[in-house]
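# Fold and contact review
As a plain string of letters, each chain reads:
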Amino acid sequence: MNYRSLGRSGFMVAPLALGTFNFGGPTDEETSIRIMLRALDAGINLFDVANSYNEGRSEEFVGKAIAEWGRRDDVVIATKVHFPVGQGPNDSGNSRYHILRECDRSLARMKVDHIDLLQLHRPDFTIPADETLRALDDLVAAGKVRYIGTSSFPAWKVMEAVALADRRGWARPIVEQPPYNLLDRRVENELVPLCLAQGLSLVPYAPLAQGVLAGRYASTGDLPADSRAVTRGGVYSDRVNDAGIAVGREVARLAAEAGTSAAQLAMAWVRDQPAVAAPLFGPRTLEQLEHMLPVLDLPFPPELREAFDDLVPPGSAVTNFHNGARWMKQVLAVPHPERTPR
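Calculation notes
- Chains are numbered independently. Their residues run from 1 in the order of the written sequence.
- Selection of residues for local features in this predicted model requires a pLDDT of at least 70, selection of side-chain atom pairs for listing and counting requires 80 or more, and totals for whole chains, interfaces and linings are taken over all residues.
- With hydrogens and water excluded, all non-hydrogen atoms of the structure serve as input to the side-chain values.
- Under the scheme applied here, a residue whose accessible area is under 20% of the maximum for its type counts as buried, over 50% as exposed, and between as partly exposed, the area being computed with a 1.4 Å probe on protein chains only.
- Runs of E in the DSSP output that reach at least two residues are strands. Runs of H or I that reach at least four are helices, and both are numbered from the N terminus.
- If DSSP finds at least two bridges between two strands, the strands pair.
- By the criterion used throughout, a crossover qualifies as right-handed when its path from the first strand across the helix to the second strand runs clockwise, the strands pointing away from the viewer.
- Multiplying 1.5 Å by the residue count of a helix minus one yields the expected span of that helix.
- The contact criterion used throughout is that any non-hydrogen atoms of two residues lie within 4.5 Å.
- A side-chain nitrogen of Lys or Arg and a carboxyl oxygen of Asp or Glu constitute a salt bridge if their distance falls within 4 Å.
- Only Phe, Tyr and Trp rings are paired, with Trp represented by its six-membered ring, and only when their centres lie within 6.5 Å; those with planes under 30 degrees apart are stacked, over 60 edge-to-face, the remainder tilted.
- In our convention, an over-ring charge means Lys NZ or Arg CZ found within 6 Å of a ring centre and within 35 degrees of that ring's normal.

Bringing the pairing of strand β6 (residues 115-120) into the picture now. By the criterion of burial, β6 is predominantly enclosed, with 6 of the 6 residues buried. In this structure, strand β5 (residues 76-81) lies alongside β6, joined through 4 bridges in parallel fashion. Bridge pairing links Val81 to Leu120 in β6. What joins β5 to β6 is helix α3 (residues 96-110), and the crossover it makes is right-handed.

Structure follows, in structure tokens:
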């Protein structure tokens, strides 16, 4: 397997990372642990989790799987902090107080003595960047955290963190985790060039566009009952539109001609984009994981790059995945599925 470095660090990870958003709801503990052990056995070593996922159950399951695996050093644990974990005024955000407290709670839930990669789950425009970065640097100095990163940050906030860390001699971000898929390529305008210039890696989420690029949605009027568009609604349903489904159909056609599945082809495309270390895949079932494992070493057909660019030109988008970031002003006006003419 062709392992890749995370940014300018010495961390080496497989070209596919395991997302744990489903663990603890809807995926139960036994299934979650089976999925993680199978991923480890296949060579996937980056597990992405967050303190806010399913009220901490995702972190608990990760800790149990690692204990059962018995080889802690084989696993790169990446967790995140920012979103609310309670009702109090200090139960969210990127303050020093919240970061230090939640790091200790994550360590306790996972029953490990260090976190390999601690990421800021979202930017916090109310807290000075030096307070946040100093707190993260203190965690690295204390041995509780090995490396730091960000998630869903605008390019200028990533650069602010890099510049401040370099000026103060603090721990430097090595990863940014944005939404990135064929339907929304806006990270290519500023974030990808920044990462290439400053030595950061991307670990993208939503590489299959919430299942649209896997053929999960036949039409906006026929949403699967167990899809996030239905079970979670809001931005999840807003992301499913006719334009995206049409692109998904064409990806499926190209995949069939290439002898692979639409999901595998779409994932391999993200995997091989500039600055990407490992796209995240968050399975609900063991079968979903098994279907995606071939992407670890599946070549993306070079003759299809131009075809993908024709479907959605570089730097553009046909639906929104950045609409979950509060800082994002460029939100496409796409019809809500419930209001789409039948």
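Additional details are given in the paragraphs that follow.
Let us look at helix α9 (residues 242-258). For α9, which comprises 17 residues, the first-to-last C-alpha distance of 25 Å matches the rise-based estimate of 24 Å (1.5 Å per residue) to within 8%. Those residues of α9 that sit buried are Gly244, Ile245, Val247, Gly248, Val251, Leu254 and Ala255. At its buried positions, α9 is contacted by α10 (262-271) and α12 (305-311). Looking one or two residues past α9, Gly259 carries a phi angle of roughly 75°, positive in sign.

If you walk through the whole model with that rule in mind, you get 24 salt bridges. Notably, a salt bridge pairs Arg72 with Asp116, separated by 3.0 Å at the nearest N-O pair. Here Arg72 is found in the loop between α2 (57-69) and β5, whereas its partner Asp116 is found in strand β6, with 44 residues between them in sequence. On the basis of relative accessible area, Arg72 is assigned to the buried category, the value being 17%.

One pass over the structure, following the stated rule, counts 6 aromatic pairs. Measuring from centroid to centroid gives 6.2 Å for Phe125 and Trp156, while their planes differ by 35°, and the two rings are tilted. Here Trp156 lies in helix α5 (residues 155-168) and Phe125 lies in the loop between β6 and α4 (129-141), a separation of 31 residues in the sequence. Looking at Trp156, the relative accessible area reads 51%, which means it is exposed. Members of the aromatic cluster, each reached through a chain of ring pairs, are Tyr180, Trp269, Phe300 and Phe308. Positioned above the aromatic ring of Tyr236 is the side chain of Arg239, whose terminal nitrogen or guanidinium carbon lies 5.2 Å from the ring centre.

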